[in-house]
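# Examining the three-dimensional arrangement
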Amino acid sequence: MTNTAVKLTSLASAAGCAAKLGPGDLSKVAFPLAQAFSHPDLLIGLTEPDDAGVMRLNSEQALILTTDFFPPVVDDPYWYGAIAAANAISDIYAMGGSVLMALNLVAFPPDQPQEILTEILRGGAEKVLESGGVLVGGHTIMDDEPKYGLAVTGLVHPDKIIPKGSQAGDVLILTKPLGVGIVNTALKNGLADEAHVQAAMENMATLNRTGAELAQKYGVHGMTDITGYSLLGHAYEMARFRKTDMHIHFDALHWVPGVQDYARREIFPGGMGRNRAYYRQFVILPDSMKNDKVIQGMLYDPQTSGGLLISAAAETADALLDELLANDVNARRVGEVTAGEGRVVVH
């Protein structure tokens, strides 16, 4: 990792490097605003809590708009910038779109070396370039705590938007290993192995571009990216759209190196507890997991720049998975979808 004069994670607030407003709190704050904003060409807005907003421009194009930023999750400034950018860009891919352009969103302490900020912005710019988009500017303020991310604009055909959703009979595919929230917490507490941190950084900085392009190719029924509300939280969001049940097989999940060891030591981010407190009402666990703090901590772990959870038709799922693997996407088949009540069932 790059040798910096200060550990970036030490500058983040004690509440957690990438803490988000809890899912229950967010619904109370944001969704009542939905009735105030309507437009005949607004295809996805506050009434459909999807990964990004979508506005139809014409019969062939719709504009996707999203933003995301957070304090440092790793100490290396270049990797922090790349991870934050990949995370923000991911919402465009989760809608099945392509990246058009991006704006930097920056908060930086005035007493810290400018070289650190230069590296953060370099990491972000290289990810925008890799996405096929153009970085067109941004906004910077001074703050005691560093924060970085992007406002991103993308394009998608109005008839090819991939929503959060699923259909009974679908197969669930996950395109990245889980557990980066746990590794990041171990890093912040000075308990992480450097090899585990490196693997987690590479996982988080990997774009979801290939997964999204192949999902479009195979006409999948639904998709979302796994971020702060954990695998189970985001799976529930997909289930509730169509009143299906998402069946997740714990043994089929894959994890970044070191996660099981840190979990056994109960090194969990604060967001894990908030996720579990809210989403457990929608989750059915087997008896063997109901009192297992380790397994539940792993399942409710908030992710940063996680993979895509894809709900694909059973007849095309094997071909999609084969092509993902052939294109170096670390994907796994992790479950299936049945008719149901909008729940997540863990096996």
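See above for the structure.
Figured I'd write up the structure that's included with this text. (Residues numbered from 1 in each chain as written. Predicted model: local features only at pLDDT ≥ 70, side-chain atom pairs only at ≥ 80, totals over all residues. Heavy atoms only, no water.)

Let us now look at the overall build of the protein chain. A tally of helices and strands in the protein chain yields eleven helices and 13 strands. A globule of 347 residues ought to have a C-alpha radius of gyration of about 20 Å, and the protein chain, at 19 Å, matches this closely. A buried classification covers 54% of the 347 residues belonging to the protein chain. A separation threshold of at least 6 residues defines the contact pool for the protein chain, and within that pool the share at least 24 residues apart is 85%. Counting only carbon and sulfur atoms, one obtains 53% of the accessible surface of the protein chain, whose full area is about 14,700 Å². Averaged over its 26 positive side-chain charges, the protein chain has a centre that lies 5 Å from the centre of its 40 negative ones. (Helix = DSSP H or I, 4+ residues; strand = E, 2+ residues; numbered from the N terminus. Rg over C-alpha atoms; globule rule 2.2 N^0.38 Å. Buried < 20%, exposed > 50% of the residue type's maximum accessible area, 1.4 Å probe, protein only. Contact = heavy atoms within 4.5 Å. Areas by Shrake-Rupley, 256 points an atom, 1.4 Å probe, with all protein chains shown as cover. Lys, Arg positive; Asp, Glu negative; His and termini not counted. Charge placed at Lys NZ, Arg CZ, Asp CG, Glu CD.)

When two helices pack together, their arrangement is given by the angle between the helix axes and by the axis-to-axis distance. Close contact between helix α6 (residues 209-217) and helix α11 (residues 314-326) brings their axes to 10 Å; oriented N to C, the two are set at 150 degrees. When the interaxial angle is binned, α6 and α11 end up roughly antiparallel. Classified by chirality, the crossing of α11 by α6 is right-handed. Here G211, L214, A215 and K217 of α6 come into contact with α11, specifically with L320, E323 and L324. Tallied by class, the residues present in the contact of α6 with α11 amount to four nonpolar, one polar and two charged. (Axes fitted to C-alpha atoms, helices over the stretch in contact; angles between N-to-C directions. Parallel < 35°, antiparallel > 145°, perpendicular 65-115°, else oblique. Left-handed = near helix turned anticlockwise from the far one by under 90°. Nonpolar A, V, L, I, M, F, W, Y, C, P; charged D, E, K, R; others polar.)

Our focus in this paragraph is the pairing of strand β4 (residues 98-108). As paired strands, β4 and strand β6 (residues 147-156) are joined by nine bridges and run antiparallel to one another. Opposite A107, over in β6, you have K147 as the bridge partner. Pairing between β4 and strand β5 (residues 134-142): seven bridges, direction parallel. Each bridged residue has a counterpart across the sheet, and for V106 the counterpart in β5 is T140. (Pairing = 2+ DSSP bridges.)

Working definition: the strands of a sheet are paired by backbone hydrogen bonds and lie parallel or antiparallel to each other. Spatial strand order, β1-β2-β3-β6-β4-β5: six strands in an open sheet with mixed pairing. In this open sheet, the two strands that pair with only one neighbour each are β1 (42-44) and β5. Pairs of neighbouring strands in the sheet enclose a mean axial angle of 20 degrees, with direction left out of account.

Before going further, it helps to spend a moment on helix α5 (residues 194-205). Side chains three or four residues apart in an α-helix point the same way, a direct result of the helix having 3.6 residues per turn. Compared with an ideal rise of 1.5 Å per residue, which puts twelve residues at 16 Å, α5 spans 16 Å between its outermost C-alpha atoms and is within 8% of the ideal. Every buried residue of α5 is listed here: V197, A200, M201, N203, M204 and A205. Of the residues flanking the start of α5, the one acting as N-cap is D193, its side-chain oxygen 2.8 Å from the backbone nitrogen of A195. (Expected span 1.5 Å × (residues − 1). Polar contact = N/O pair within 3.5 Å; in protein donor to acceptor, adjacent residues only side chain to side chain.)

One non-glycine residue, S230, adopts positive backbone phi at about 75 degrees. By relative accessible area, S230 is classed as buried at 0%. A positive phi is found at S305, a non-glycine position, where the angle reads about 50 degrees. Note on S305: relative accessible area 1%, which makes it buried.

Here the focus is the environment of S98. Here S98 lies in strand β4. Each C-alpha atom of the pair S98 and G154 lies 5.3 Å from the other, and the pair is 56 residues apart in sequence. Non-local contacts of S98, meaning those with residues more than four positions away in its chain, are made with I92, G154 and L155.

With that settled, the discussion passes to the environment of T210. Summarising the element assignment, T210 is placed in helix α6. A C-alpha to C-alpha distance of 9.9 Å links T210 and S131, two positions 79 residues apart in sequence. Every residue in contact with T210, bar those within four places of it in the chain, is listed here: N327 and V329.

We now examine the packing of aromatic side chains. Counted under the stated rule, the structure contains nine aromatic pairs. Consider the rings of Y278 and Y279, whose centres lie 5.0 Å apart with planes at 80 degrees: the pair is edge-to-face. Every member of this aromatic cluster is reached through a ring pair, and the members are Y229, Y236, Y278, Y279 and F282. (Phe/Tyr/Trp six-rings, centres within 6.5 Å; stacked < 30°, edge-to-face > 60°.)

The next thing to look at is the side chain of S90. Note on placement: S90 falls in helix α2 (residues 77-94). Here D225 takes part through its side chain, which lies 2.9 Å from a polar atom of the side chain of S90. Apart from the residues lying within four places of it in its own chain, the contact partners of S90 are N208, D225 and G306.

Summed over the entire model, instances satisfying the criterion amount to twelve salt bridges. Between E119 and R122 there is a salt bridge; the shortest N-O distance is 2.9 Å. With E119 and R122 both in helix α3 (residues 114-131), this residue pair falls three residues apart, about one helical turn. With a shortest N-O distance of 3.9 Å, R333 and D318 are connected by a salt bridge. Of the two residues, R333 is situated in strand β12 (residues 332-339) and D318 in helix α11; the sequence distance between them amounts to 15 residues. Given a relative accessible area of 41%, R333 falls into the partly exposed group. Under the relative-accessibility criterion, D318 is labelled partly exposed at 48%. Salt bridges sharing partners connect three or more residues here, namely E119, R122 and E126. (Salt bridge = Lys/Arg side-chain N within 4 Å of Asp/Glu carboxyl O.)

The strand order across the open sheet formed by seven strands is β8-β11-β7-β12-β9-β13-β10, and the pairing between neighbours is mixed. Strands at the two margins of the open sheet, each flanked by one partner only, are β8 (222-225) and β10 (283-284). Relative to β8, α2 is tilted by about 175 degrees, and along the sheet it contacts β8 and β11 (308-312).

Limitation: the analysis is restricted to geometry and does not speak to function.
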